[in-house]
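Each chain, written out:
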Amino acid sequence: VSLLLTPARDEAEEKTRRQRLATVYRQLAAKYPAAAPAQQAAGDGLAELESASAGIPYWQRAATLDPKNAEALDAMGAAYLQMGQAKAASEQYQRSVDVRPDVAESQFALANVQYLFRHELIGSSALPDDQAVLRVALEHFRRAAELSPGDLRLAKAYAETFYVFAKPDWAQALAAWQAVLALSGNEQDFANGHLARISIHLGKRAEAEAYLASIHDPAFNGLKATLTQQIGRMGAGAR
């Protein structure tokens, strides 16, 4: 505590202080080898003071001592991600979701890794290609949005994922973007643009025109013009 409370006088003293504090964390972990909180604290402290990799052995011990310690699993997931090891990060985030499946942020963290690094996660029989990885990611994005229904960020993440599929389920995408619209308050133009686009894919001309008519910000004029042209090319059977 004294090391943290007293401001360092210069860079050299700051470096020395960080080294001393790192030593304290290691001593703490060594003194209480069977205490998960001590191992967790050492991992958190060393990751901040030195590097992400320095915290991993301590988080591993914390998770071994307390298998329900999702914080340690999340910390390892973030550390591996920072180290460029997407598969290891995904494994830790999956363990975290297994421990606490009803926490939106855990679902989102796993989905985000699977979405961003889908090509690196291909390999198992369950995940033979990037589309299979995306389907798993989509489910975790959906679950995150479901667990925190008032969170616009999570609703957008779920809705935007549909676009990267080779063959999106446009009906589900429409429902996802309608949820985004409901959370958008006075800034609904963004969601209305996506809803118009998806309505075109579904062959719903009237709905597409209605969503476009609801867009008022001039910044979306280019999008409106493009989608208006697409509506004009819709077949006679479009309703």
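For the structure itself, look to the data block above.
Residues numbered from 1 in each chain as written. Predicted model: local features only at pLDDT ≥ 70, side-chain atom pairs only at ≥ 80, totals over all residues. Heavy atoms only, no water.

*Asks:* I'd love a proper account of the packing of aromatic side chains, names of residues and values included.
*Replies:* All told, the structure shown has six aromatic pairs when counted by the stated rule. Three or more aromatic residues joined by ring pairs form one cluster here, namely Tyr163, Trp170, Trp177 and Phe190. The ring centre of tyrosine 115 lies 5.1 Å from the NZ or CZ of arginine 118, which sits over that ring. (Phe/Tyr/Trp six-rings, centres within 6.5 Å; stacked < 30°, edge-to-face > 60°. Lys NZ or Arg CZ within 6 Å of the ring centre and 35° of its normal.)

*Asks:* Could you give an account of the nonpolar core, naming the residues involved and the relevant values?
*Replies:* Judged by nonpolar contacts, the single largest core of 35 residues is most densely connected at Tyr158 and Trp177. Mapped onto this core, the elements with two or more residues apiece are α7 (104-116), α8 (130-147), α9 (152-161), α10 (170-183), α11 (189-201), α12 (205-213) and α13 (221-232). Here the element with the most residues in this core is α10; it accounts for seven residues. Leave out the neighbours within four places in its chain, and tryptophan 177 touches Ala159, Glu160, Tyr163, Phe190, Ala191, His194, Leu195 and Ile198. (Core = buried A, V, L, I, M, F, W, Y, C linked by side-chain atoms within 4.5 Å. Buried < 20%, exposed > 50% of the residue type's maximum accessible area, 1.4 Å probe, protein only. Helix = DSSP H or I, 4+ residues; strand = E, 2+ residues; numbered from the N terminus. Contact = heavy atoms within 4.5 Å.)

*Asks:* Provide a residue-level description of the pattern of salt bridges, including the pertinent values.
*Replies:* According to the stated counting rule, one finds 10 salt bridges in the structure shown. Residues arginine 153 and aspartate 151 are paired through a salt bridge, measuring 3.6 Å at the closest nitrogen-oxygen approach. Residues glutamate 209 and arginine 205 are paired through a salt bridge, measuring 3.4 Å at the closest nitrogen-oxygen approach. With glutamate 209 and arginine 205 both in helix α12 and four residues apart, this pair spans about one turn of that helix. Given a relative accessible area of 40%, glutamate 209 falls into the partly exposed group. Owing to a relative accessible area of 28%, arginine 205 belongs among the partly exposed residues under this scheme. Salt bridges sharing common partners tie together Asp102, Glu139, Arg142, Arg143 and Glu146. (Salt bridge = Lys/Arg side-chain N within 4 Å of Asp/Glu carboxyl O.)

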